[in-house]
Amino acid sequence: MNSIAAHLTRARLARWFPFLAWPRPDRATLRGELIAGLTVAMFVIPQGVAYAALAGMPLVTGIYASFIPGLVGVLWSASSRLSVGPTALTSLLIGASLAPLAVPGSAEWVALAVWMAMLSGALQLLMGAGRFGWLLKLVNSPVLTGFTQGASVLIVVSQLPALLGFTGRKLAQLPGGPPPDRVAIAFGLGTMAILWFTKKRWPHLPSAMVVVVIGGVVSAAIGYALGGGAVIGTLPTGLPAPYWPGPIPLASLGALLVPTMMVTLVSFLETASSAKVDNARAGKLWNENQDLIGQGLAKIASGLSGGFATSSSFSRSAINLYAGAKTGWATVVCVVLTGAALLWVMPLLYHVPQAVLAGLVVTAILGIVRPKVFLQLWRVSRIEAATALATFVVTIATAPDIYWGVLAGLLMSLAHFMYRHLHPRIIEVGLHPDGSLRDRHLWELPPLATDVYALRMDAALDFASASTLERAIAEQVASRPGLRAVCLFAQPINRVDVTGAEVFGSIRQSLQMQGIGLHVAGLKLPAQTVLEKAGQLAPGPMLRIHRTDAEALDALAAASLSARVAPFAHGAADAQQLVVGDEPGDHWQ
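Residues numbered from 1 in each chain as written. Predicted model: local features only at pLDDT ≥ 70, side-chain atom pairs only at ≥ 80, totals over all residues. Heavy atoms only, no water.

## Observations concerning the nonpolar core
In globular proteins that are soluble, nonpolar side chains generally tend to be buried together. By size, the foremost hydrophobic cluster in this structure holds 84 residues, and its most contacted members are Met57, Leu98, Ile155, Ile232, Met346 and Leu349. Looking at which element gives the most residues to this core, the answer is helix α5 (residues 107–129), with 10 residues. Among all residues touching Ile155, those that are not within four sequence positions of it are Leu54, Ala88, Leu89, Leu92, Val361 and Ile365. In this structure, Leu483, Leu488, Ile507 and Ala527 belong to the second largest nonpolar core, which totals 29 residues. (Core = buried A, V, L, I, M, F, W, Y, C linked by side-chain atoms within 4.5 Å. Buried < 20%, exposed > 50% of the residue type's maximum accessible area, 1.4 Å probe, protein only. Helix = DSSP H or I, 4+ residues; strand = E, 2+ residues; numbered from the N terminus. Contact = heavy atoms within 4.5 Å.)

Below, the structure written as structure tokens:
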């Protein structure tokens, strides 16, 4: 009994502290976790520095954002093998959003970036605690594709000056200025070449750290910094101290609200792409709400340690999986090694050229750029391809306010969603030779009966679709004077709201006044319950309810013979058959 109670207590605590559910590693597992943690740490340090530059932050803050936030993220996330820290898209959003508000790298810039991290973290924390993870499903794949491709192009463009020997200058300032630094070009392109070659030849090699070491050694050997070359320079040594940005002015808060929501959205979509892979490999269902909590706490921890907004890196998470990580202990090892680097490795990064960092970023982003994705979307759906392309164009056109791309894509997606619901697919059905009911015009099938309008609506009967159904029936009744019955095959209708129930009653009343019977086949229990509560299924001489499509077809065929003399002549007998659900066994799903 004590063991059962202890197990239940541990299970309850694990809901709030997911790391309590981690297995205790044995010697073999611990060895694999150490190797995986060491491998990821080799990528964390150079990527952290590179992404800090992309966000306009002091370079060391990229490592700060990989230290405590990395630990907090793995301890409180459901997906324990994700690598939490700076990412390219999130860093670009930060840099682009703050560009109109402050000078990159200044104290004001850092304070605003910290506020973005904490506000975004608090928003994710509240969403996770309130179980609102489903809201993120509003962003569909075309919008995310268009934004990702647009942001990737902007990231590559932002790194071109440093990559082409014009460090410290914007792209528009390149013509007419001093000549490019040819050594920087060699460092940048050499970095990309080494990364490409090692990925093809030795995919598990920590190539990011390799190019940083090579770049630093060569730079120091040739005296690149002494000759005025752009290098990382001095980075502060030591663990991050607690940081508080001070109060934020209301004007700045208002300017940060939309960018903060975009950082929240984009960073968690990055997390989703990694978490789905992680949980699928572990054979678990993804707990998006717990990951929202973990990611939110990580962002808050990053802000309070002087860093910027974090996310789950797909590339580093993939490396963690490929390196053999089984649990979150691999990330703990990575965090410990990151802390050791902050204490002892920072001076060794002094001579690393900034062109090497640009090469790292560009190489990572080029793996995301996929122009063919728009053609693939076009083959599947032209509307969604147009949504993705519009998101892409608006993202680039509105830079640095690139969140407008996501908003434009969302509006287009929601407009298309509402259009489809306001114009549901309503077809007249006919009996196919295989026995199924299909679109009779598409398949060139004869009508079920010359005096019967048989239709199917592939949508819920709600405020958006009800008027369309009513209009479709009214048009057929007006154009076919000899119509005896309307048969609605209702199996696709899985939901009815108040408006839908009212319109159903209006359709029934209008048909009854014209002496036209209404047959309803295959009505599901949830829809039937709403119509019953609304009093729209009350027995009447002109309403017939059928359990199945086959039953409706038999009834229509039988009635067609007798109806040639007097439609619905057997009113009293029919009325007894109109009662729906008299017995408990009569209900169906």
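## Some points on the pattern of salt bridges
All told, the structure shown has seven salt bridges when counted by the stated rule. Arg425 is the salt-bridge partner of Asp458, the closest N and O atoms lying 2.8 Å from each other. You can see Asp458 sitting in the loop between β5 (452–457) and α17 (466–479) and its partner Arg425 sitting in the loop between α16 (403–422) and β3 (426–431), a full 33 residues away along the chain. Overall, the relative accessible area of 42% leaves Arg425 in the partly exposed class. Put simply, Arg440 and Glu428 hold a salt bridge, and the shortest N to O gap is 3.1 Å. (Salt bridge = Lys/Arg side-chain N within 4 Å of Asp/Glu carboxyl O.)

## Re the pairing of strand β7 (residues 517–521)
Side-chain positions along a regular strand alternate between the two faces of the sheet. Taking burial as the measure, the five residues of β7 include five buried ones, the bulk of the element. Along β7, one buried face is formed by Gly517, His519 and Ala521 and the opposite face, lined by Leu518 and Val520, is buried too. Pairing between strand β6 (residues 485–489) and β7: five bridges, direction parallel. In the sheet register, Ala485 faces β7, and the bridge partner there is Gly517. Regarding topology, helix α18 (residues 498–513) serves as the crossover connection from β6 to the parallel β7, and that connection is right-handed. Of the pairings in the sheet, the one linking β7 to strand β8 (residues 543–546) comprises four bridges and is parallel in character. Note on β8: the bridge partner recorded for Ala521 is His546. With respect to chirality, the unit in which β7 leads through helix α19 (residues 525–533) into the neighbouring parallel β8 is right-handed. (Pairing = 2+ DSSP bridges. Right-handed = clockwise from strand over helix to strand, strands pointing away.)

## A word on the environment of Pro180
Relative to the elements of secondary structure, Pro180 occurs in the loop between α6 (141–163) and α7 (182–201). Given the relative accessible area of 30%, Pro180 is considered partly exposed. Put simply, Pro180 and Gly165 are 15 residues apart on the chain and 4.7 Å apart in space, counted from C-alpha to C-alpha. Those residues within four positions of Pro180 in sequence are excluded, and the remaining contacts are Leu164, Gly165, Phe166 and Ile185.

## Notes on helix α2 (residues 27–54)
With 28 residues, α2 should cover 40 Å at 1.5 Å per step; its first-to-last C-alpha distance of 40 Å lies within 8% of that length. At the C-terminal side of α2, Gly56 shows a positive phi close to 75°. (Expected span 1.5 Å × (residues − 1).)

## A short note on the confidence of the model for the chain
Residues at a pLDDT of 70 or more form 90% of the chain, whose mean pLDDT is 86. Across residues 565–589 the pLDDT falls below 50, and counting only partners more than four positions away or on other chains, this stretch makes 37 contacts in the model. (pLDDT = per-residue confidence, 0-100.)

## Quick look at a nonpolar patch on the surface
On the surface, a cluster of nonpolar side chains totalling about 470 Å² of accessible area is made up of Phe132, Trp134, Leu135, Leu138 and Leu414. As for its position among the elements, Leu135 is in the loop between α5 and α6. Since its relative accessible area comes to 32%, Leu135 is described here as partly exposed. (Patch = residues over 30% accessible without salt bridge, like charges linked within 9 Å, V, L, I, M, F, W, Y side chains within 5 Å. Areas by Shrake-Rupley, 256 points an atom, 1.4 Å probe, with all protein chains shown as cover.)

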